[in-house]
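Remarks on the overall topology
Below are the chains, spelled out letter by letter.
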Amino acid sequence: MQPNSALRLLAISGVLFCGTPLLADDWPQWLGPNRDSIWRETGIVEEFPAGGPPIRWRTGIGQGYSGPAVVGNRVFVTDRQLAPGVQNPQDPFARSEVRGFERVLCLNEADGKEVWKYEYECPYTISYPAGPRTTPLVRGDKVFTLGAEGNLLCLGVQTGSLIWSRDLKKDFGIPAPLWGFSGNPLLDGNRLICLVGGKGSVAVAFDGETGQELWRALTAAEPGYSSPVIFEAGAKRQLIIWDPEAANSLDPETGNLYWSVPFKSGSGMSIATPRKLGNELFFTTFYSGSLMLRLNPTQPAATSIWQTLKTNEKDTTHLNAVMCTPFLEAGCIYGVCSYGQLRCLKADSGERVWETLQATTPDGKPVRWGNAFIVKNGERFFLFNEKGDLIIAKLSPRQYEEISRVHLLDPVNTLPGRGVVWSHPAFAHRCVFARNDKEIICVNLALPRG
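Presented here is a report on the structure given in the accompanying data block.

The rules behind these values
- Residues numbered from 1 in each chain as written.
- Predicted model: local features only at pLDDT ≥ 70, side-chain atom pairs only at ≥ 80, totals over all residues.
- Heavy atoms only, no water.
- Helix = DSSP H or I, 4+ residues; strand = E, 2+ residues; numbered from the N terminus.
- Buried < 20%, exposed > 50% of the residue type's maximum accessible area, 1.4 Å probe, protein only.
- Polar contact = N/O pair within 3.5 Å; in protein donor to acceptor, adjacent residues only side chain to side chain.
- Contact = heavy atoms within 4.5 Å.
- Pairing = 2+ DSSP bridges.
- Axes fitted to C-alpha atoms, helices over the stretch in contact; angles between N-to-C directions.
- Core = buried A, V, L, I, M, F, W, Y, C linked by side-chain atoms within 4.5 Å.

**Thoughts on the side chain of Gln-341**
Residue position: Gln-341 is located in the loop between strand E23 (332-336) and strand E24 (342-346). With relative accessibility at 8%, the residue Gln-341 sits in the buried group. A polar side-chain atom of Gln-341 sits 3.0 Å from the main-chain amide nitrogen of Tyr-339. The contact partners of Gln-341, leaving out residues within four places of it in the chain, are Gly-335, Val-336, Glu-355, Thr-356 and Leu-357.

Take a look at the structure:
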């Protein structure tokens, strides 16, 4: 080997094994790089050490249900600051105007220090007014954010400079949904696809470079809160838009409708992201339960396989998820039901295989809207529950098997009548990035060297 070649190899090795690895995976959007709730990094702890995994940093932030995004040496998160002297109403369902500001924060991945922030005045008129809902979406030199009152922004990654913005309420002549704009935008090529609302504009595609409208589609009384997702099926790329009236498939390039299957969601609560397993497409909602569709393998079409017939969120048959996006694999559905029951169902029939409250509630008692977020890593799962606990567990048709648990954050949001953490974490760079209404933390989950 020539001396120069050896030096180059040594330099490359130094870069690869010092600091944050270049090959570390990012978490650039809702549910991760592929929008599928899978964390693909290796070299992750099998169980948490005594005393918990090391905390790399903590940074104070404001209120928010939005999860963080992590790309390269930057962490992006949104929050809300109340105006001086203003408090949130005691009744979380009240829709009086509450003055405050929304912020987009860019933090240094290495130490959590603020790199830049973008702030704008944003009075809230929504129920549960504890901050923005959607995860920032990062692509190249742009970060896209959607606030709870419909402020759609495109900012420069490096400086936070405004590239373009849209006011969805003003531009489309609509009110904010009861619980705010919550569908996480989807970037498909240059099309930024959002849930908006109004006649003919439940789904709207914007030009990612300019913010100009490209197409609009669908009409429903409410847009719902479910995030758009694209699947390959029937020899077509199909954009799935689930509103409170129907599951819909669109051509993502034009917005033209491929098919629509009625599926009512009480109180507009189409929330969970639709999940696909083979040719099966699954939906779940709090009041109405579950719907499983079969996608035609040769053309864009869908038929119902099974559906919950009983509309009762207390006496449930299948899976009545609130905000938990379920995980489907090997013929099974894993998800959290209406009162915190982590369940396993058979995908082909909806038959319940098992359930447990161990992962979600501290005392093993059912709790309304009890929740845990589910992310797969290797052969096990990481569950982040509403009490701020991170759990390593195995989910199988046989049982729920808890391996390890650590408390990461205190549940300081008390609007539901109890303390909760309802913000989806990010898993990137062999760490977990999680937030509550007071701070965001980065916790090292890498296997120790040596």
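Now that the structure is up, let's keep going.
**Here we look at the sheet that holds strand E12 (residues 203-207)**
As summarised here, the arrangement of the four strands in space is E10-E11-E12-E13, forming an open sheet in which the pairing is antiparallel. Because the sheet does not close on itself, it has two edges, and the strands there are strand E10 (186-188) and strand E13 (213-217). Averaged over all pairs of adjacent strands, the angle between their axes in this sheet comes to 20°, without regard to strand direction. The pairing of E12 with E13 spans four bridges and is classified as antiparallel. Considered in E13, the bridge of Val-204 is made with Arg-216.

**A closer look at the nonpolar core**
Counting 35 residues, the largest nonpolar core has Leu-152, Leu-168, Leu-192, Val-196 and Phe-206 as the members making the most contacts within it. Mapped by element, the contributors of at least two residues to this core are strand E4 (100-108), strand E5 (114-121), strand E6 (137-139), strand E7 (142-146), strand E8 (151-156), helix H2 (168-172), strand E11 (191-195) and E12. Counting residues per element, this core draws most heavily on E8, which supplies four residues. One finds Phe-382, Leu-408, Val-421 and Ala-428 within the second-largest nonpolar core, a separate group that totals 34 residues.

**Describing unusual backbone geometry**
Non-glycine residue His-429 carries a positive phi angle of around 55°. Positionally, His-429 belongs in the loop between strand E30 (426-428) and strand E31 (431-435). Judged by relative accessible area, His-429 falls into the buried class, the value being 7%. Of note, the phi angle at Arg-430 is positive, near 60°, even though the residue is not glycine. Take Arg-430: it is sitting in the loop between E30 and E31.

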